[in-house]
Structures are given as C-alpha cells and as structure tokens.
Amino acid sequence: MEHYARRAIATIHQKYHEPLALDDLARSAMMSKFYFIRVFQRTTGVTPGRFLSAVRLHAAKPLLVHTSASVADISAQVGYGSASTFSRRFTASVGLSPTEYRRIGRDGTGEYPRITPLATGSGPLGSVTGTARVLGSSRSPLHIGLFDSPLFQGQPAAWTKLDGGSPFRLTDVPPGTWYLHAATLSARPSSDQWGDSPLLVGTVGPVRIGADDRTRVDVVLRQEDWTRPPVLLALPGFRSRPARPRTAETVCPADSYRGPAMTGYRTPRRRTAPDRRLVGI
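Residues numbered from 1 in each chain as written. Predicted model: local features only at pLDDT ≥ 70, side-chain atom pairs only at ≥ 80, totals over all residues. Heavy atoms only, no water.

### A few points about the overall build of the chain
Stated formally: Per the convention used, a helix needs a DSSP run of H or I reaching at least four residues, while a strand needs a run of E reaching at least two, with both numbered from the N terminus. Throughout, exposure labels follow a simple rule: accessible area from a 1.4 Å probe, protein chains only, divided by the maximum for the residue type, with under 20% read as buried, over 50% as exposed, and the rest as partly exposed. Areas reported as accessible are Shrake-Rupley estimates using a 1.4 Å probe. Residue values count occlusion only from the protein chains shown.
From N to C terminus, the chain includes eight helices and eight strands. The proportion of buried residues among the 281 residues of the chain is 49%. For the chain, the exposed area adds up to about 13,600 Å²; of that, 48% sits on carbon and sulfur atoms.

### Remarks on the pairing of strand β8 (residues 219–223)
The line we're drawing: When DSSP finds two or more bridges between a pair of strands, those strands are recorded as paired.
The sheet contact formed by strand β1 (residues 126–134) and β8 spans three bridges and is parallel. Within β8, the position partnered with Arg 133 by the bridge is Val 220. Pairing of strand β6 (residues 199–209) with β8, which is carried by two bridges, proceeds in the antiparallel orientation. Note on β8: the bridge partner recorded for Val 201 is Arg 222.

### Here we look at the side chain of Ser 127
To keep it simple, the criterion reads: The criterion used for residue contact is that any of the two residues' heavy atoms lie within 4.5 Å.
Looking at where Ser 127 falls in the secondary structure, it is placed in strand β1. With a relative accessible area of 8%, Ser 127 lands in the buried category. When neighbours within four sequence positions are excluded, Ser 127 is seen to be in contact with Arg 169, Leu 170, Thr 171, Val 173, Asp 213, Arg 214 and Thr 215.

### Some details on the side chain of Thr 203
We apply this condition: Any pair of N or O atoms that falls within 3.5 Å is considered a polar contact. Within protein, one atom must be able to donate a hydrogen and the other to accept it, and sequence-neighbouring residues count only if both atoms are side-chain atoms.
As for its placement among the helices and strands, Thr 203 is situated in strand β6. Reaching out from Thr 203, the side chain makes a polar contact with the side chain of Arg 228 at a distance of 2.9 Å.

### Some thoughts on the pattern of salt bridges
Selection rule: By salt bridge we mean one thing: a side-chain nitrogen of Lys or Arg within 4 Å of a carboxyl oxygen of Asp or Glu.
Counted under the stated rule, the structure contains three salt bridges. The salt bridge involving Lys 33 is made with Asp 23; its shortest N-O contact spans 3.5 Å. Residue Lys 33 is found in helix α3 (residues 33–44), and its partner Asp 23 is found in helix α2 (residues 22–29); the two are separated by 10 residues along the sequence. One salt bridge connects Asp 24 with Arg 27, and the closest N-O pair in it is separated by 2.9 Å. Taken as a pair, Asp 24 and Arg 27 lie in helix α2 at a separation of three residues, close to a single helical turn. Judged by relative accessible area, Arg 27 falls into the exposed class, the value being 54%.

In structure tokens form, the structure reads like this:
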C-alpha cells in the first residue's frame with residue numbers, strides 16, 4: 001500500500017504552503033480518511049499532520065538563510081497563518097529561533113551551537129549502548145541522540161557525537177519512552193545543483209528505558225528517502241541548501257521505497273474521528 005502514501009507525500013511536498021486538510025490528502029491517496037491515516041503512519045512512522053508540519057518548517061530553513069524575506073513573510077510562504085505560531089514551533093523543533101538560524105546560517109561557518117541534553121532529575125537513570133552502521137561512507141561526525149518524538153527535532157534526553165568508530169554509549173537517560181535518531185553527511189557528492197552532500201539518517205523506536213536499565217539499540221544509517229520526515233534539529237556543520245522546485249518524481253521516485261522509517265510502530269486500534277483540518281499544524 002506504500003504507493004498510496006507516496007501520492008499523499010508528493011502532495012504534501014508540492015502543496016505544503018496551502019491549507020491542506022485530511023480530506024485533501026486522503027483523496028490524493030484515493031482512500032478513506034481512517035484507512036489513509038493508518039497506511040500513512042505505518043509507512044512513515046508519523047501522522048500526516050506531523051509530516052506536513054515537518055515539511056513546512058524544513059522549507060523555511062533555506063528561505064531564512066538564502067533570502068531577505070521577513071520572518072512573517074516566510075511563515076506565510078510555508079503555510080502558517082500566524083508568524084508567532086511559526087516562530088514558536090520553529091524554535092522548539094530546530095533548537096534556534098528563526099532570526100538566530102538566519103544569523104548563524106549566513107556567517108559562513110554553518111556551525112550551529114552544540115546540542116545540550118535535557119536536564120535530568122533526581123533518581124536512578126538508564127543508559128543505552130549499541131552500534132551505528134552507515135550504509136556508505138560519511139565525511140562528518142555522526143550525531144546520535146534520544147528524543148521524545150519520532151521526528152528528529154527538539155532537545156534530546158541524551159546526546160553524543162562520534163568522530164570515528166561505530167560503538168556508542170548514551171548515559172544518564174531518564175526513564176521513559178524514547179526514539180533514537182542518528183545522522184551524518186554522506187561522503188558522496190549530491191547530484192543536485194547545490195553541490196551539498198545528502199544526509200544519512202537512521203531511527204529506532206519507540207524504545208522503553210527504565211531506571212537503572214542498560215539497553216542495547218543498534219541503528220542503521222542510510223540516505224534519506226521519501227518515507228522519512230525531514231530532519232529539523234539544527235546540527236553542527238549541516239548546511240541549509242537553497243530551496244528548489246519539488247516534483248512528484250523527485251520527492252517520491254517510484255523505486256525508492258525502503259519500508260517504514262522506524263521500528264516498533266503499532267497500528268492504532270481505536271478509530272476516533274479526526275477533524276477535517278490537520279489540527280496542530
């Protein structure tokens with residue numbers, strides 16, 4: 001059923017600046033809303049609304065760095081009706097405010113501030129160890145963290161950077177349910193006109209970690225494909241490329257499906273009627 005989700009994802013990438021509704025996306029996939037949500041989440045690991053939100057925020061990044069448009073204008077260009085809502089969600093997801101992201105992205109270094117994990121409370125903490133296997137070769141440090149979201153965004157609960165070698169260890173992990181995200185840059189030059197390298201990414205989750213638990217999690221990093229929501233967190237050394245036109249084929253090539261973006265997904269059992277609009281975008 002992935003070809004139905006592919007149609008909806010192509011619609012999101014092409015029309016994210018418009019007020020898309022669940023009815024619109026389900027119609028583009030030619031299925032009912034309830035079944036569409038289940039197929040979409042099983043394919044991508046997130047709901048259609050969260051995928052749309054990630055695409056909108058990601059589209060704002062190159063506009064902030066490579067254009068002189070105001071934050072208010074950019075928020076409208078990527079589909080937000082309120083500049084304050086856009087700024088709040090951009091800051092929470094990317095780790096920098098829109099103006100901070102613009103300033104740092106234009107200073108020529110592309111080095112964003114180091115990522116600081118959430119403060120841990122009192123009580124026993126867990127740890128995670130494992131290996132990170134990269135399909136291909138990378139030319140940058142490998143970043144690994146535990147997050148409370150299936151999206152690669154926000155402040156991690158634990159974080160590390162590998163300069164070489166694949167074994168990793170995350171300590172002082174608060175008890176809870178987390179998603180392990182990993183990212184690096186490929187050593188293979190991109191074929192697009194901007195000359196940047198593609199991201200290599202991997203996600204595992206949800207992973208339940210208890211107090212004093214020592215949990216093993218192995219992750220495989222591969223080039224981003226159409227099933228994955230964009231990486232939103234500002235990572236040191238990861239440049240923001242100028243925006244370029246999106247087409248259904250470049251966003252969702254027919255032979256690019258690699259299965260769900262993450263493990264551990266369970267299809268929802270309850271069918272609650274969703275609002276027509278993608279609430280929370």
